[in-house]
Amino acid sequence: MNPIAAAPFVFLSTLSVLQFVLVAGHESQGTNGGSKAGVVNMNLIQQACQHAPHKDLCIDILKNDPNSKGADLTGLAYIAIRLAGAYASEVDAHLRSLLINNATTLSPVVQQGVADCIEHYSDANEQLDDCVAAMSTKNFKDVEVWVNVAISDADYCDDSFSGEKSVVLQKNEAFRQLCNNVLAVVKALPPHGKE
Ligand SMILES: *[C@@H]1O[C@H](CO)[C@@H](O)[C@H](O)[C@H]1NC(C)=O
């Protein structure tokens, strides 16, 4: 398996820990589990992910978020945006830690690449923040444009290493996956601009 193909699965292994926590938490709530807010609506999540390039991964990621319980399609879109934004912050923190802790072992080219990636991820983070605002005014077109900018940010980051191996190849791939989930859920929303 090449690193790119493996990336989503590396990412998933953290999620399965999350899933375990969720299942354990759910079972401890007892047997009356009928409350609407406590149930993940799998049909809705499948609907939300129907346009995703990696449908199963999109479904797993959304269903494992505790906030998906009781969420409608719009709620799922907010969740997808928040997950992408949170991951962008995580990648940003990782990159900053590399600059601080690995400075002596990374080549100057790679250090410059890491510094460039920090700028790209800071931009990606802003795009996703703006998406939250655009969602609240139902500007779905803007959400699509800005998520695509965030995806380009990850591409630029990969290209920042001047031919040397990107040190965040897998993280970029996982981030693009989360961004594609946002695009999928937004596509599944009721007719744009209506309601
Ligand atoms: C950064 O340093 C840590 C600890 O020395 C090491 O495990 C890790 O592989 C290094 N990362 C890179 C990208 O060189």
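Please refer to the structure placed before this passage.
Computed from a predicted model, the values in this text were never measured in an experiment.

What follows covers the nonpolar core. Ranked by internal contacts, the top residues of the largest apolar core, which has 53 residues, are Leu62, Leu76, Val143, Val147 and Phe175. Looking at this core element by element, the count peaks at twelve residues for helix α4 (residues 73-101). Beyond its immediate stretch of four places on either side in the chain, valine 143 contacts Ile81, Cys131, Ala134, Met135, Val182 and Val186.

With that settled, the discussion passes to the site of the ligand. Near the ligand, the surroundings consist of Leu98, Asn102, Leu106 and Val167. Asparagine 102 places a polar side-chain atom, nitrogen or oxygen, 2.3 Å from an oxygen atom of the ligand. Look at the ligand: alone it shows 370 Å² of surface, and the protein chains cover 32% of it. In terms of residue class, the shell around the ligand is built from three nonpolar, one polar and no charged.

Here we take up the environment of methionine 42. Along the chain, methionine 42 turns up in helix α2 (residues 42-49). On the basis of relative accessibility, which here comes to 30%, the residue methionine 42 falls in the partly exposed class. Between the C-alpha atoms of methionine 42 and serine 68, which are 26 residues apart in sequence, the distance is 9.7 Å.

Conventions adopted
Residues numbered from 1 in each chain as written. Predicted model: local features only at pLDDT ≥ 70, side-chain atom pairs only at ≥ 80, totals over all residues. Heavy atoms only, no water. Core = buried A, V, L, I, M, F, W, Y, C linked by side-chain atoms within 4.5 Å. Buried < 20%, exposed > 50% of the residue type's maximum accessible area, 1.4 Å probe, protein only. Helix = DSSP H or I, 4+ residues; strand = E, 2+ residues; numbered from the N terminus. Contact = heavy atoms within 4.5 Å. Near = heavy atom within 4 Å. Polar contact = N/O pair within 3.5 Å; in protein donor to acceptor, adjacent residues only side chain to side chain. Areas by Shrake-Rupley, 256 points an atom, 1.4 Å probe, with all protein chains shown as cover. Nonpolar A, V, L, I, M, F, W, Y, C, P; charged D, E, K, R; others polar.

By themselves, these figures tell us nothing about what the structure is for.
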